[in-house]
Each structure stands twice: as C-alpha cells, then as structure tokens.
Amino acid sequence: ETGVTQSPTHLIKTRGQQVTLRCSSQSGHNTVSWYQQALGQGPQFIFQYYREEENGRGNFPPRFSGLQFPNYSSELNVNALELDDSALYLCASSLSGIGYEQYFGPGTRLTVT
Amino acid sequence: AQRVTQPEKLLSVFKGAPVELKCNYSYSGSPELFWYVQYSRQRLQLLLRHISRESIKGFTADLNKGETSFHLKKPFAQEEDSAMYYCALSGQAGTALIFGKGTTLSVSS
C-alpha cells in the first residue's frame, strides 16, 4: 500500500507568481483534502475534492483553486502569490464520508519572497 | 464559530510523570474529536478519536460535552512521547478537519 505523496518538497516563488502543488492519494482513497499550515499554527482547511468535484471549502480566496483527476490525484493552484502564502501545504487522502481517517502527506514547503 | 483551543504551546514533563494535554472546542452540533501527533521529521498521523474509545500508546481522551473538552492523558510519560500534538474536530456534514494550534510535549529523563 502506497502512502500519500506530495511534490515538490520545497519551492521558492516570487510575489505575484503562480504555483501548482501536487498530491498522490493513498491507494483506494477517493477523497483529497488540502490544508495550509503557517509557522506556529495548526493546519487550516483549504478545500476537499471527491470524485473530481469540490466538496467543501474553507475560508480561502478564489485564487486558491484545485483539481482532482480520475486517478484521484490532486493539484492545488495558487495565483497571484502573496507573502502570507508562505506555509507548509498538506494534502490528506481518505475514503468519502464521516468517520474515515485522513492520511497526511509530508507536505510542500512554499516560500514566497 | 467552530474553533479548537489548545491553551498550552509547550508542556515539559519528566519521564514517568503524568501528562495532560488540554483541548477545548466550540461547535454547534455533535462533532467528532481527534488527536493527531507529529513526531520529529515525520508526517502528521492520527493518534486517537473519541468514537473508537481506544487507548493508543497509553494515551486516552474522554469527550466531555458539558465542558466541551477533549483532553489527552497518559499516566506515565515516556521520552518517545515527545512530539507536537494537535487536537482537531470534524462536523457531521463532512470530513474537513478543524485543528488547534498544537502543543509541543517534551519529555526528559
């Protein structure tokens, strides 16, 4: 069984640029959730995808968008990067519905300068 | 407002001492409560959840709906328990997790 993987591990972008982060879900999982973890804070829910449709969204602006592919892998896109977007971005996969455990990936560290 | 509060940023104890990591929540409804742990250089992982009522690695947590608390306890701390601990909740409508800011547990000999 393969766990959740994320790429890249680290990246540095300039304010105003766009970035795409990638996540491969654990085998058999059809739901992917994305979280932003700023330094010294707990993870904050961005959105969730189930069967290629957005299935819930946290308090993030529209410049944060996502995709889920037929193989349940997912992308997080952030446009017009701001300095405050610097954070660790976590992806978690699960089966759908209440009660299923979310399995987290190692995260992508994004630095915006 | 949905919120999870972990009042302690850092908790330092000696090996063998009892541990209690505090967690209070605010939620209109009946949430599911979790404790997640992150050991050094490892990914975030589920430690326990209130519906399973399990004891994992000697840790237990009881949901107190009257006090809206879900404190994590262990009677005798071990050095390998040193980690960052996050309390989290999810609502009945879906599986989005709301996390607290986390508590660093440091166990020294």
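Residues numbered from 1 in each chain as written. Chains lettered and ligands numbered in written order. Predicted model: local features only at pLDDT ≥ 70, side-chain atom pairs only at ≥ 80, totals over all residues. Heavy atoms only, no water.

(A) Region of the structure containing the overall build of chain A. Of the regular secondary structure elements, chain A holds 0 helices and 11 strands. The C-alpha radius of gyration of chain A comes to 13 Å, within 12% of the 13 Å expected for a compact globule of 113 residues. If you line up chain A on its principal axes, its C-alpha atoms span 35 × 25 × 25 Å. Looking at chain A residue by residue over its 113 residues, the buried ones come to 47%. Accessible surface, chain A: about 5,400 Å² in total, of which carbon and sulfur atoms supply 47%. (Helix = DSSP H or I, 4+ residues; strand = E, 2+ residues; numbered from the N terminus. Rg over C-alpha atoms; globule rule 2.2 N^0.38 Å. Buried < 20%, exposed > 50% of the residue type's maximum accessible area, 1.4 Å probe, protein only. Areas by Shrake-Rupley, 256 points an atom, 1.4 Å probe, with all protein chains shown as cover.)

(B) Region of interest: the state of the cysteines. In the structure shown here, the tally under the stated rule is 2 disulfides over all chains. What pairs with C23 of chain A in a disulfide is C91 of chain A, and their sulfur atoms sit 1.7 Å apart. Across the S-S bond of C23 of chain A and C91 of chain A the torsion is about -55°, and the bridge reads as left-handed. You can see C23 of chain A sitting in strand 3 (residues 19-24) and its partner C91 of chain A sitting in strand 9 (residues 87-94), a full 68 residues away along the chain. There is a disulfide in this structure between C23 of chain B and C87 of chain B, and the S-S distance comes to 2.0 Å. (Disulfide = S-S within 2.5 Å.)

(C) Layout of the layout of surface pockets. Residues and elements named next belong to chain B. Put simply, the second largest pocket is a space of about 200 Å³. Considering the residues around the second largest pocket, the lining is formed by L48, R49, H50, I51, R53, E54, T60, A61, D62, L63, K65 and F70. Of all the secondary structure elements, the ones that give two or more residues to the lining of the second largest pocket are strand 6 (45-49) and strand 7 (60-61). Partitioning the lining of the second largest pocket into residue classes produces 5 nonpolar, 2 polar and 5 charged. (1 Å grid on protein atoms, 1.4 Å probe; cavity = no way out; pocket = protein on both sides within 12 Å on 5 of 7 lines; lining within 4 Å. Points joined across faces, edges and corners; volume = space filled by probe spheres on them. Nonpolar A, V, L, I, M, F, W, Y, C, P; charged D, E, K, R; others polar.)

(D) The pattern of salt bridges, seen in detail. For the structure shown, the criterion picks out 8 salt bridges over all chains. Between R63 of chain A and D85 of chain A there is a salt bridge; the shortest N-O distance is 2.8 Å. Taken as a pair, R63 of chain A in the loop between strand 6 (53-57) and strand 7 (64-68) and D85 of chain A in the loop between strand 8 (74-78) and strand 9 lie far apart in primary sequence, 22 residues in all. Under the relative-accessibility criterion, R63 of chain A is labelled buried at 16%. Accessibility expressed as a relative area gives 3% for D85 of chain A, which makes it buried. A salt bridge links K22 of chain B to E20 of chain B; the shortest N-O distance between them is 3.2 Å. (Salt bridge = Lys/Arg side-chain N within 4 Å of Asp/Glu carboxyl O.)

(E) Geometry of the interface of chain B and chain A. Facing the 15 residues of chain B at the interface are 19 residues of chain A. Roughly 1,500 Å² is buried in total at the junction of chain B and chain A, and carbon and sulfur atoms are behind 51% of that figure. Summed over the shared surface of chain B and chain A, the number is 4 residue pairs in polar contact (both at pLDDT 80 or more). Mapped by element, the contributors of at least two residues to the side of chain B that touches chain A are strand 5 (32-38) and strand 6 of chain B. Among the residues forming the side of chain B that touches chain A, the class breakdown is 7 nonpolar, 4 polar and 4 charged. (Contact = heavy atoms within 4.5 Å. Buried area = accessible area lost by both parts, 1.4 Å probe. Polar contact = N/O pair within 3.5 Å; in protein donor to acceptor, adjacent residues only side chain to side chain.)

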